[in-house]
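# Structural overview for review
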There are 2 protein chains.
Amino acid sequence: MKSKKTISGFSKLSKIDKIKWIVKHFFTEPDVVMHELKSYWLADDEQQRVLDGFSENTISNYYMPYGVAPNFVINGQTYCVPMVIEESSVVAAASAAAKFWMDKGGFKAEVIDTQKVGQVHFSWNGDFQKLKSVFEELENALREETTHITANMQKRGGGILNIELIDYTAAEEDYYQLKATFETCDSMGANFINSVLEQFGRTLTSFVATHSVFNDSERDLTVIMAILSNYTPDCLVRVWVECPIEKLGNFPEGMDAKTFAEKFCKAVQIAQIDPYRATTHNKGIFNGIDSLVLATANDFRAIEACGHTYAARDGQYRSLSNCSVENGRFKFWMDLPLAVGTVGGLTKLHPIAKRSLELLGNPSAKELMGIIAVVGLAQNFSALRSLITTGIQKGHMKMHLLNILNHLNATDAQVEKVVTHFEDKLVSFTAVREYLATISTSEKMTIS
Amino acid sequence: MKSKKTISGFSKLSKIDKIKWIVKHFFTEPDVVMHELKSYWLADDEQQRVLDGFSENTISNYYMPYGVAPNFVINGQTYCVPMVIEESSVVAAASAAAKFWMDKGGFKAEVIDTQKVGQVHFSWNGDFQKLKSVFEELENALREETTHITANMQKRGGGILNIELIDYTAAEEDYYQLKATFETCDSMGANFINSVLEQFGRTLTSFVATHSVFNDSERDLTVIMAILSNYTPDCLVRVWVECPIEKLGNFPEGMDAKTFAEKFCKAVQIAQIDPYRATTHNKGIFNGIDSLVLATANDFRAIEACGHTYAARDGQYRSLSNCSVENGRFKFWMDLPLAVGTVGGLTKLHPIAKRSLELLGNPSAKELMGIIAVVGLAQNFSALRSLITTGIQKGHMKMHLLNILNHLNATDAQVEKVVTHFEDKLVSFTAVREYLATISTSEKMTIS
């Protein structure tokens, strides 16, 4: 017997019929929820149709706050950075760091390389030396049989860079790879790379099936899968800030510049040593990074996966950022792999993402790598500055409390009372609602 | 000389004045952009005020498609899972995997533990043996002086679990940690943990400054920072699917169940061996995970950072999922640390997140851990199934093409022609627009 909550052919239902089925089976107030889900649709039908098309079984829109952090000076250029984030203090932290460094030379960014990576994973029990001996011929075939895919990318200055054959049989029986690198210019390049790799798989299979160097027992090669790698350690940008220590100025609770610089470096060093701290430290960096990645409709899962793998590249998960205090200078920097695009994908299709790129002056992919990494470094700077001076809770709790009061439609007078009451108490939704109720009751009693 | 593009006091401007400044300095069509940004505001002012309050410098809303994947059977319960994702094929893949496993026993989930972690990092050059000798006393003080924060959490069954003192001086001079574990019930617990830890820092400082066991040269202890760790390897859920191999059925291109099972396992094994593949493999898992994390207003940066650190825990970055084909059974599973909440944070404040939780039957945090991890495993199953059978490009490119045609308002007749034309060509926005223009021209010529 099937549960009433399962369904066949759901994806083929109209949007409204999808909603009807959902509210009927999963909500206690079907009509209210139906109305609510529809209320989040865009007024412009065409635009809504475009958004719906990005994904499947789309029934409404999910809203995230779209904010901006002004005053980012990067390589002498000034940017106002769009940020999509649901967590409080992130935009404030980015803005504060931008302003802090604005008159200290600003941020610097330098793209080190832009290589993307793709792999054809295959099983084969033939003689590897034979395959190696005809690799030049194979490589020519791989390049020739993908010219219909690579022609346009080559016109733009990109294409296939290197193709390599890797023997992995020491780790797994019969397992080999074709590993290729690509230049994809201003696009992230996923579709391009995957199309090339799937053709590589077909070319490789027929090459081995027909080449005279192999005997008949070697002709069957199985392509396990052909797909880009999101790990792109050579699609790398370096960002940094630096200034004479005394220029850092003074900090809360009477902390002078030298003490700040040393404590700051110690905090970064701790994130180099301890994976428990490194995870949170890098999480803060990605608070900034993902905000801008989202705002430009790039893929934050790809960026996260790549960055964290990079953080673990030497065998221990470590801080992505580094700090030094030497010869009277404070320096704070980060190398980060970032595969992003400013053309292709959804960048031009999502109406707000398009505006985000315009706000940034329609940057190239390289320029965007720099801006994204800078926002991550800025975030990290502000987070550490808070942590080593006042702590983060004071600001966080105040913001959280105001969110709750906003939601509960508290009056200005109530807000004032509640904020005072919670100065030394833990803020939670229930506690605030309950305290607000006691105020409201006493107010009513006063009136009556 | 300051750039005209920098500004002081931006955060204090009204929302409309913020937008005015931005459009004036960064856009070529200020009025159009102003109108557009405002058009994305919610009709309900109160609701918009709540959303604006989540972040800072908020000027508009960023829209993500809100979709659902029905037919998820987990521990015998049926769920319709809300997913917020801008990438095509993710919701389709989740739905396909849900349906595939629905009549094969469904998914299983088991929460192994729910411990959260926090640390007080400190510098001290006293005698560590002395500190150890009075640790019981210190621990009592730490617990006592945080009772005003922990009282409510204890009523709900949570609180501080263990407190440990760690000597890190072998790695960094004078560096120690208080490392504590917490049970935070249905909340993610960040605010609770951070409030406790900041008090720990104050208690620790005065304990060392006043306790008779220390001499005066040992009284100065510097708290570097006090903050939760997003790395929570003991906040862990296990999810899995399994069935007799023959029940897997047949697959595209004539692949039988046994071949499928073996090729599938090989693909998982490759992601265990090779970090380049592991990154992409796990990225696919997080496509599913983040969709639901976003839909419930949990913090996807925290979830990502934790999961990837966990993937690198043995010194090499590896696949989070595992597969076995033994004794005629196919089994596919994953252990994943997931610190999430169903109360607190934005879960009740974001209007759509609240509905997402209702759609899931208002689960506990433990139940939500299971659902989230299952969606990740489902995603991984579908991605690997595509990769080892038909490849992923066919489906991807078709969807991408339809997105572009949607955006360009192509007629049904045009869509048909363009889809046929691009069957063997690489889809890009420019290429599609250009081809569409040639069709439109020839159509006009035919008409005239």
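As the structure is a computational prediction, the values presented were derived from the model and not from experiment. (Residues numbered from 1 in each chain as written. Chains lettered and ligands numbered in written order. Predicted model: local features only at pLDDT ≥ 70, side-chain atom pairs only at ≥ 80, totals over all residues. Heavy atoms only, no water.)

### As for the overall build of chain A
Helix and strand counts for chain A stand at 16 helices and ten strands. Per-residue burial over chain A gives 62% buried out of 448 residues. Counted over contacts in chain A with a minimum sequence separation of 6, partners at least 24 positions apart contribute 70%. Considering chain A, the positive charge centre built from 45 side chains and the negative charge centre built from 52 side chains are found 6 Å apart. (Helix = DSSP H or I, 4+ residues; strand = E, 2+ residues; numbered from the N terminus. Buried < 20%, exposed > 50% of the residue type's maximum accessible area, 1.4 Å probe, protein only. Contact = heavy atoms within 4.5 Å. Lys, Arg positive; Asp, Glu negative; His and termini not counted. Charge placed at Lys NZ, Arg CZ, Asp CG, Glu CD.)

### Notes on the relation of the copies chain B and chain A
Under the fitted operation, chain B is carried onto chain A by 0.0 Å of movement along the axis and a turn of 180°, and the coordinates agree to an RMSD of 0.0 Å. Such a combination of turn and shift is consistent with a two-fold rotation axis. For chain B, the smallest separation between a C-alpha atom and the rotation axis is recorded for G315 of chain B, amounting to 2.1 Å. Both copies present the same face, since 100% of the interface residues in chain B are matched by interface residues at the equivalent positions in chain A. (Least-squares fit on C-alpha atoms with pLDDT ≥ 70 in both.)

### Considering helix α9 (residues 257-273) of chain B
With 17 residues, α9 of chain B should reach 24 Å at 1.5 Å per residue; the first-to-last C-alpha distance of 24 Å fits that figure. Counting buried positions over the 17 residues of α9 of chain B gives 13, a clear majority of the element. (Expected span 1.5 Å × (residues − 1).)

### Brief notes about the packing of helix α7 (residues 147-155) of chain A against helix α8 (residues 190-210) of chain A
Each pair of packed helices can be described by the angle between their axes along with the distance between the axes. Residue and element names in this part refer to chain A. Two elements in contact, α7 and α8, have axes whose closest approach is 10 Å; the angle formed by their N-to-C orientations is 145°. Considering only the axes of α7 and α8, their crossing is left-handed. On the side of α7, the interface is formed by I149, T150 and M153, while α8 contributes F192, S195, V196 and Q199. Within the contact of α7 with α8, the residues separate by chemical class into four nonpolar, three polar and no charged. (Axes fitted to C-alpha atoms, helices over the stretch in contact; angles between N-to-C directions. Left-handed = near helix turned anticlockwise from the far one by under 90°. Nonpolar A, V, L, I, M, F, W, Y, C, P; charged D, E, K, R; others polar.)

### Structural notes on the interface of chain B and chain A
Contacts between the two partners involve 148 residues from chain B and, on the opposite side, 149 residues from chain A. When the two sides are added together, the surface that chain B and chain A hide from each other amounts to roughly 13200 Å², 61% of it contributed by carbon and sulfur. Among the residues chain B hides against chain A, the three largest losses belong to Y62, Y276 and R301 of chain B. Together they make up 7% of the total. The tally of links between chain B and chain A comes to ten salt bridges. (Buried area = accessible area lost by both parts, 1.4 Å probe. Salt bridge = Lys/Arg side-chain N within 4 Å of Asp/Glu carboxyl O.)

### As for the sheet that holds strand β7 (residues 221-229) of chain B
All names here are of chain B. Spatially, the four strands line up as an open sheet ordered β5-β6-β4-β7, and their pairing is antiparallel. Edge positions in the sheet fall to β5 (159-167) and β7, since each has one partner strand and no second. Ignoring strand direction, the axes of neighbouring strands in this sheet form an average angle of 15°. Relative to strand β6 (residues 175-183), β5 runs antiparallel, the two being bridged by seven bridges. Pairing of L165 across the sheet is with L178, part of β6. (Pairing = 2+ DSSP bridges.)

### Points about the nonpolar core
Counting 316 residues, the largest nonpolar core has F72 and L248 of chain A together with F72 and L248 of chain B as the members making the most contacts within it. Not counting residues up to four positions away in its chain, the partners in contact with F72 of chain A are Q77, T78, Y79, V81, A94, A98, F107, V374, V375 and A378 of chain A. (Core = buried A, V, L, I, M, F, W, Y, C linked by side-chain atoms within 4.5 Å.)

### Digging into the pairing of strand β1 (residues 58-74) of chain B
For β1 of chain B, the buried fraction is high: 17 of the 17 residues fall into the buried class. Alignment of strand β1 (residues 58-74) of chain A against β1 of chain B, held across nine bridges, turns out to be antiparallel. Bridge pairing links Y62 of chain A to M64 of chain B in β1 of chain B. One ladder, built from seven bridges, connects β1 of chain B with strand β2 (residues 77-84) of chain B; its direction is antiparallel. Counterpart to I74 of chain B in the pairing with β2 of chain B is Q77 of chain B.

### Examining the environment of D174 of chain A
Residue and element names in this part refer to chain A. Structurally, the position occupied by D174 is in the loop between β5 (159-167) and β6 (175-183). Residue D174 is classed as partly exposed on the basis of its relative accessible area, which comes to 26%. Between the C-alpha atoms of D174 and L221, which are 47 residues apart in sequence, the distance is 9.8 Å. In this structure D174 touches F122, S123, W124, N125 and T169, once residues within four positions along its chain are discounted.

### Considering the environment of I149 of chain A
Tracing the backbone through its elements, the reader meets I149 of chain A in helix α7. Separated by 169 residues in sequence, I149 of chain A and R318 of chain A place their C-alpha atoms 39 Å apart. Residues within four places of I149 of chain A in sequence aside, it is in contact with F192, S195, V196 and Q199 of chain A together with L426 of chain B.

### Considerations on the domain arrangement of chain A
Residues and elements named next belong to chain A. For chain A, the assigned domains are domain 1 (1-63), domain 2 (66-109 + 238-390), domain 3 (116-229) and domain 4 (396-447). Taken over C-alpha atoms, the centre of domain 1 sits 37 Å from the centre of domain 2. Taken together, the contacts link four residues of domain 1 with four residues of domain 2. Interface area lost by domain 1 to domain 2 is led by Q47, L51 and F54, which between them contribute 87%. At the junction of domain 1 and domain 2, the tally comes to zero salt bridges. Taken together, the links from domain 1 to domain 2 amount to zero residue pairs in polar contact (both at pLDDT 80 or more). Classifying every residue of the side of domain 1 that touches domain 2 by side-chain character gives three nonpolar, one polar and no charged. (Domains from an automatic or database assignment. Polar contact = N/O pair within 3.5 Å; in protein donor to acceptor, adjacent residues only side chain to side chain.)

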